[in-house]
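Read off the chains here:
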Amino acid sequence: MDKIYLPFGLSYTASEEENLWLEKRMTQMSPKEKLLLGAALEMTPVKTAADLINLTFQLYCYELCYPVKDDRGLGEYVARYLEYGKDQALAYIDREKLGRYFRTRQAPGLFIGGAYVSPNGLTGTLVYDGSNLADLKDNAYSVKIKLSSASNREGVWLRLPDYAEVSCGKPDELRIALDTLGVSSLRECQALEAVCVLPNITNLLKQYDLLEELVWSGSNLGYALEERGHGLPHFMERFQAAMEYENCDRLDLALDILVNLHCYDFVPKTENIIEYGRQAAIKDGLVQPGTLSAECFDFEFYGKQKIQNAGMILTEFGYLGRNEKSFYYEYSQKENGIELTM
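Residues numbered from 1 in each chain as written. Predicted model: local features only at pLDDT ≥ 70, side-chain atom pairs only at ≥ 80, totals over all residues. Heavy atoms only, no water.

Summarise the side chain of serine 332; cite the residues concerned and give the values.
Within the secondary structure layout, serine 332 lies in the segment after strand S11 (318-322). On the basis of relative accessible area, serine 332 is assigned to the buried category, the value being 17%. Within the structure, the side chain of serine 332 is placed 2.5 Å from the side chain of aspartate 256, a separation counted as a polar contact. The residues contacting serine 332, other than those within four sequence positions of it, are Asp252, Leu253 and Asp256. (Helix = DSSP H or I, 4+ residues; strand = E, 2+ residues; numbered from the N terminus. Buried < 20%, exposed > 50% of the residue type's maximum accessible area, 1.4 Å probe, protein only. Polar contact = N/O pair within 3.5 Å; in protein donor to acceptor, adjacent residues only side chain to side chain. Contact = heavy atoms within 4.5 Å.)

Next up, the structure:
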């Protein structure tokens with residue numbers, strides 16, 4: 001085990017494999033994630049690579065207020081975004097006092113890099129046990145885009161979704177990334193690379209005319225994935241099966257499939273065909289539970305026949321087919337995009 005020194009001034013023991021994993025993860029962190037991790041390292045003891053790896057999966061346990069440099073800025077942030085105060089009210093609020101109260105009474109934390117970070121009360125889950133490194137996936141995003149600017153050619157990663165539009169304008173990933181790049185809008189940025197959490201969606205930079213459109217779509221994908229079809233059974237398997245069914249390799253089509261999942265009939269691979277056939281036969285009124293007829297009914301054959309009659313095909317994730325419900329296209333209007341060269 002080697003001792004590795006972090007850019008935050010701390011050190012930890014790590015194997016070569018652990019260090020390579022951490023190096024890759026930290027290289028692809030967004031500016032927001034780096035602020036959260038820097039603060040977390042100040043508040044949480046890290047002695048081994050396992051501690052640090054687990055911490056990178058626990059950043060959701062910390063709340064970030066940005067941009068905030070002192071108690072006055074924190075008070076303004078609290079009034080504006082957390083208590084949703086009107087701009088007119090700010091003139092009558094002692095912002096420094098409010099920030100100090102928030103920091104000392106409600107959310108003790110620390111100022112770091114132009115932000116204020118504090119624990120939010122959530123308990124982090126330990127995902128790395130020292131032996132499952134190959135199973136750990138950095139997939140807590142919908143789309144990530146590496147952006148550069150005239151003053152920052154190396155670039156930074158923007159990790160979507162950005163929640164500013166759904167949280168009363170509270171600055172999030174996009175604002176922090178733009179500030180780090182020294183620009184005020186995406187029009188001053190160039191996209192160097194883009195990756196989607198869905199492995200079938202590739203060549204993202206060729207799919208959109210404008211960088212703003214890609215960012216907007218990436219955030220919408222994130223919101224939809226978090227909603228999980230509003231409780232639709234087998235949501236992720238159904239979505240993946242539908243994308244396979246539609247030969248989907250575009251983000252705009254994936255978004256349309258997401259909002260039209262009710263247009264697909266689906267039987268997951270994990271579901272027993274005999275039980276599926278049993279439930280279908282009962283629902284169709286062919287047998288009554290607990291009768292002799294039910295004991296002699298070929299539920300497996302009936303289940304397979306129902307699947308075949310519905311025009312379902314076998315995908316990697318289960319049987320799926322289009323039903324008669326109308327499929328509405330909202331996102332995928334263009335056949336071909338233009339590579340982003342902004």
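Describe the state of the cysteines, naming the residues involved and giving the relevant values.
Counted by the stated rule, this structure contains 0 disulfides. Free of any disulfide, cysteine 65 has its nearest neighbouring cysteine sulfur in cysteine 168, separated by 14 Å. In this structure cysteine 196 is a free cysteine whose sulfur lies 9.0 Å from that of cysteine 248, the closest cysteine sulfur available. With relative accessibility at 6%, the residue cysteine 196 sits in the buried group. (Disulfide = S-S within 2.5 Å.)

Before we move on, could you go through the pattern of salt bridges and cite the residues and values that matter?
Opposite charge on two side chains lets them pair, provided their charged atoms get close. For the structure on display, the rule yields 17 salt bridges. We note a salt bridge from glutamate 76 to arginine 95, for which the minimum N-O separation is 3.3 Å. Linking glutamate 76 in helix H4 (residues 71-82) with arginine 95 in helix H6 (residues 95-106), this pair joins segments that are 19 residues apart in sequence. On the basis of relative accessibility, which here comes to 18%, the residue arginine 95 falls in the buried class. The partner of lysine 144 in a salt bridge is aspartate 138, and the shortest N-O contact between them spans 3.7 Å. (Salt bridge = Lys/Arg side-chain N within 4 Å of Asp/Glu carboxyl O.)

Quick one: what's the story with the packing of helix H11 (residues 273-283) against helix H13 (residues 299-309), residue by residue and with numbers?
In a packed pair of helices, the relevant descriptors are the angle between the two axes and the axis-to-axis distance. With their axes 7 Å apart at the nearest point, H11 and H13 run at an angle of 80° to one another. Classified by the angle between their axes, H11 and H13 sit roughly perpendicular to one another. For the pair H11 and H13, the contacting residues are Ile273, Ile274, Tyr276, Gly277, Arg278, Ala280 and Ala281 in the first and Phe299, Glu300, Tyr302, Gly303, Lys304, Lys306 and Ile307 in the second. Residues belonging to the contact of H11 with H13 are distributed by class as follows: 8 nonpolar, 2 polar and 4 charged. (Axes fitted to C-alpha atoms, helices over the stretch in contact; angles between N-to-C directions. Parallel < 35°, antiparallel > 145°, perpendicular 65-115°, else oblique. Nonpolar A, V, L, I, M, F, W, Y, C, P; charged D, E, K, R; others polar.)

Let's hear about the packing of aromatic side chains: which residues, and what values?
For the coordinates displayed, the defined rule picks out 12 aromatic pairs. Taking the centre distance of 4.8 Å and the plane angle of 50° together, the rings of phenylalanine 327 and tyrosine 329 count as tilted. Residue class for phenylalanine 327 comes out buried when judged on its relative accessible area of 12%. According to the relative accessible area criterion, tyrosine 329 is partly exposed, its value standing at 47%. A cation over a ring is seen here: arginine 105 above tyrosine 101, with NZ or CZ 3.8 Å from the ring centre. When the ring centre of tryptophan 157 is taken as reference, the NZ or CZ atom of lysine 144 above it lies at 5.6 Å. (Phe/Tyr/Trp six-rings, centres within 6.5 Å; stacked < 30°, edge-to-face > 60°. Lys NZ or Arg CZ within 6 Å of the ring centre and 35° of its normal.)

Run through the nonpolar core, naming residues and quoting values.
Residues Ile145 and Ile257 are the most contacted members of the largest nonpolar core, which totals 46 residues. Of all elements in the fold, only strand S6 (143-149), strand S7 (152-159), helix H7 (173-181), strand S8 (190-196), helix H8 (211-231), helix H9 (235-245), helix H10 (251-259) and strand S9 (264-268) reach the threshold of two or more residues within this core. In this structure isoleucine 257 touches Phe239, Ala242, Met243, Glu246, Cys248, Tyr264 and Phe327, once residues within four positions along its chain are discounted. In this structure, Ala40, Ala49, Leu110 and Val117 belong to the second largest nonpolar core, which totals 28 residues. (Core = buried A, V, L, I, M, F, W, Y, C linked by side-chain atoms within 4.5 Å.)

How would you summarise the sheet that holds strand S10 (residues 313-315) if you had to cite specific residues and measurements?
The 3 strands are arranged S9-S11-S10 in an open sheet whose pairing can be described as antiparallel. Pairing within the sheet leaves two strands with one partner each, and these edge strands are S9 and S10. Put simply, the sheet's adjacent strands are angled 30° from each other on average, direction ignored. The pairing of S10 with S11 spans 3 bridges and is antiparallel. In the strand pairing of S11, threonine 315 is matched with glycine 318. (Pairing = 2+ DSSP bridges.)

A description of the pairing of S6 should follow, citing residues and the corresponding values.
For S6, the tally of buried residues reaches 6 of 7 residues, placing the bulk of the element in the interior. Relative to S8, S6 is paired through 6 bridges, and the arrangement is antiparallel. When the bridges of S8 are listed, valine 143 appears paired with cysteine 196. Two elements, S6 and S7, share 5 bridges in a ladder whose sense is antiparallel. The residue of S7 that forms the bridge with serine 149 is asparagine 152. Counted between consecutive antiparallel strands, the loop separating S6 from S7 contains 2 residues.

Tell me about the sheet that holds S6, and please be specific about residues and values.
Taken in spatial order, the 3 strands line up as S7-S6-S8 in an open sheet, and their pairing is antiparallel. For this open sheet the edge positions go to S7 and S8, each flanked by a neighbour on one side alone. On average, each strand axis in the sheet is tilted by 20° relative to the strand beside it, whichever way the strands run. Relative to the sheet, H7 contacts S6 and S7, its axis offset from that of S7 by approximately 170°. The sheet contacts of H8 involve S6, S7 and S8, and relative to S6 the element is tilted by about 150°.

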